[in-house]
Protein chains: 2
Amino acid sequence: MSLIIVGTVAFDAIQTPFGSSGKVVGGAASYIGLSASQFVKEQHIISVIGDDFPQSFVEELESRGVQTKGLERKAGEKSFFWEGKYHMDMNSRDTLTTELNVLADFKPVVPQEAQGAAFVMLGNLDPTVQASVLDQLDQKPKLVVLDTMNFWMDIALEPLKKVIERVNVLTINDEEARQLSGEHSLVKAANKILTMGPSTLVIKKGEHGALLFNEDEVFFAPALPLEEVLDPTGAGDTFAGGFIGYLAHTGDTSFTNMKRAVVLGSAMASFACEKFGTDRLMDLTQEELDARIQRFVDLVDFDILLKD
Amino acid sequence: MSLIIVGTVAFDAIQTPFGSSGKVVGGAASYIGLSASQFVKEQHIISVIGDDFPQSFVEELESRGVQTKGLERKAGEKSFFWEGKYHMDMNSRDTLTTELNVLADFKPVVPQEAQGAAFVMLGNLDPTVQASVLDQLDQKPKLVVLDTMNFWMDIALEPLKKVIERVNVLTINDEEARQLSGEHSLVKAANKILTMGPSTLVIKKGEHGALLFNEDEVFFAPALPLEEVLDPTGAGDTFAGGFIGYLAHTGDTSFTNMKRAVVLGSAMASFACEKFGTDRLMDLTQEELDARIQRFVDLVDFDILLKD
């Protein structure tokens, strides 16, 4: 089924204790789109770039079935740019530079070709911008997934709560779940957030895996223990892309299928960490993905014998 | 098969943001023994207490098949006492008081009845004390598990490394694995530690689960997402007790069986967090344990369909 992706297509510059990326293509929608393209054939990207952005990356997306009619290129302006530095543990980072550029007055327009999409992925953006995309849809999608972050909880909590009311699945990390709910226990936090609109919640715990909650069930997908994490930038977006890409591919939004989608999202995210920027998602083969999924299966595989 | 447990039997006083325990029975060997008794019928505890320690707890252990010939009671002396305070996240704590008392010159003696035990659990203690127990064994055990902590890495690294050389399984937490190996990546840390003596390593990650490594394989057991963590004191010891108790019960030290043992240890540890001290392990029923194990099975249960 068809998929709409909204989010940034941008430049990043990443410093880690192990090296620096220089200026590379990044942005939530870039990671989401590349990751989703592993599973779904038709998707529409809605974003904005400046005239400094490489056309070759746009063509790369197009070659993977991403329709770019909704990708606005603003002449005479520069693309969104983020620069960050990771600490030794790679779980925390500092923002060094944020240049909004074209993002400052981004007003997404849903192109006619994208109308009727059954799946919508709202990548991390100003919640009013996320809401404006939902406002433009002619038909109610089968599933809307929203990603956000603590930044919007700090400065735009009410608009954020309003858009969260309108989505089916929310993806946030553990600290954000605690902040949004005011509950320290993730189980209590999930129960509270599931009264705020979404029927499903994904809590991303980075190297500690991901939890999937609905009202009655909970599922845990581990993260693969990796020898090297070169750059975790975009891992959450890559997860989201794999998650919704698989759901859109199968058209099945049951909890059972969402569990598979969480595992596939986690597998995709594990690749994203292996190189700077989007490079690893570009050269990923189906054989490599299948082998990685098998590692996830093996990682948690056990049979238990109850006491005799 | 028979099991020897070495560790503290002591008093704890625990403060958390949600309440205080007052002075309660604690100590590594108390938790390990109670937890192991859920699985194994014959075990020998080696420890030391003062004459302030309640005989009722000793009798409780005995009623569960724990032989206490090796539990020395020193007249006129006081039991080991630890007081600690947990922070809001319950993952970190400060020690407020440590009174060594009887532990100051603890020289464990392996009683004749315990000789020939196939399984030995060396709870967290001075590594020279742990080594002295191995020195006294007439027969080489089938499996020795050693638990330790960063404190001993700081002040007694060489004796610790010597005793680690002599054991089959090491259980430590993620920060301790990093400290012991000098590697940040847990995969690299595990690979390095597996050259230091043990053929199997358990990395305990608290609320983030546990990893089991041998030279060729890795297994991940999640921790159960809990509504309330009242008191995590003893959770690691309870895990270790369930782990070795199940191995001793089955006599099977294959990696496949160790995976089950990690899940059972995790299930036992989830109970330990529900009340202060050892109370929850005391009133635990087999039905409750079976139900909890089923929750672990369900938590990570998925079937994956590779891309068609």
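Just above sits the structure.
Residues numbered from 1 in each chain as written. Chains lettered and ligands numbered in written order. Predicted model: local features only at pLDDT ≥ 70, side-chain atom pairs only at ≥ 80, totals over all residues. Heavy atoms only, no water.

Asker: Tell me about the overall build of chain A, residues and numbers included.
Answerer: The helix and strand inventory of chain A stands at 11 helices and 14 strands. The C-alpha extent of chain A, read off along each of the three principal axes, is 75 × 45 × 35 Å. Evaluated residue by residue, chain A yields a buried proportion of 60% over its 308 residues. In chain A, once contacts between residues fewer than 6 apart in sequence are set aside, the share between residues at least 24 apart is 63%. Carbon and sulfur atoms make up 48% of the accessible area of chain A, which totals about 11900 Å². Separation of charge centres in chain A, based on 27 positive and 45 negative side chains, amounts to 3 Å. (Helix = DSSP H or I, 4+ residues; strand = E, 2+ residues; numbered from the N terminus. Buried < 20%, exposed > 50% of the residue type's maximum accessible area, 1.4 Å probe, protein only. Contact = heavy atoms within 4.5 Å. Areas by Shrake-Rupley, 256 points an atom, 1.4 Å probe, with all protein chains shown as cover. Lys, Arg positive; Asp, Glu negative; His and termini not counted. Charge placed at Lys NZ, Arg CZ, Asp CG, Glu CD.)

Asker: Give a detailed account of the sheet that holds strand E2 (residues 10-16) of chain A, specifying residues and quantitative values.
Answerer: Residue and element names in this part refer to chain A. Pairing within the open sheet is mixed, and its four strands lie in the order E3-E2-E7-E8. Because the sheet does not close on itself, it has two edges, and the strands there are strand E3 (19-26) and strand E8 (93-99). When the angles between neighbouring strand axes are averaged without regard to direction, this sheet yields 15°. When E2 meets E3, the two strands line up antiparallel, connected through six bridges. For Gln15, the partnering residue across the bridge sits in E3 and is Ser20. (Pairing = 2+ DSSP bridges. Axes fitted to C-alpha atoms, helices over the stretch in contact; angles between N-to-C directions.)

Asker: Hey, could you go over the relation of the copies chain B and chain A for me, with residue numbers and the actual values?
Answerer: It takes a turn of 180° to lay chain B on chain A, together with a shift of 0.0 Å along the axis; the resulting RMSD is 0.0 Å. In short, the pair behaves as if placed about a two-fold rotation axis. Of every C-alpha in chain B, the one belonging to B:His208 sits nearest the axis of rotation, 3.0 Å from it. Taken together, the interface assignments show that 100% of the residues at the interface of chain B recur at the interface of chain A, consistent with an identical surface on both copies. (Least-squares fit on C-alpha atoms with pLDDT ≥ 70 in both.)

Asker: Just give me the short version of the interface of chain B and chain A, but keep the residues and values in it.
Answerer: Taken together, the contact between chain B and chain A spans 46 residues of the former and 46 residues of the latter. A combined buried area of about 4100 Å² lies between chain B and chain A, and 60% of that area is made up of carbon and sulfur atoms. Summed over the shared surface of chain B and chain A, the number is seven salt bridges. Notably, a salt bridge pairs B:Arg178 with A:Glu207, separated by 3.8 Å at the nearest N-O pair. (Buried area = accessible area lost by both parts, 1.4 Å probe. Salt bridge = Lys/Arg side-chain N within 4 Å of Asp/Glu carboxyl O.)

Asker: Describe the sheet that holds strand E7 (residues 81-86) of chain B, listing the residues and the values that go with them.
Answerer: Strand pairing in a sheet relies on backbone hydrogen bonds, with the paired strands running either antiparallel or parallel. All names here are of chain B. Reading across from one edge, E3-E2-E7-E8 is the order of the four strands in this open sheet, with mixed pairing throughout. The open sheet terminates on both sides in strands that have one partner only, identified here as strand E3 (19-26) and strand E8 (93-99). Neighbour-to-neighbour, the strand axes of this sheet turn through a mean angle of 15°, independent of strand direction. Where strand E2 (residues 10-16) lies against E7, five bridges are found, and the strand directions are parallel. Paired with Phe11 across the bridge in E7 is Phe81.

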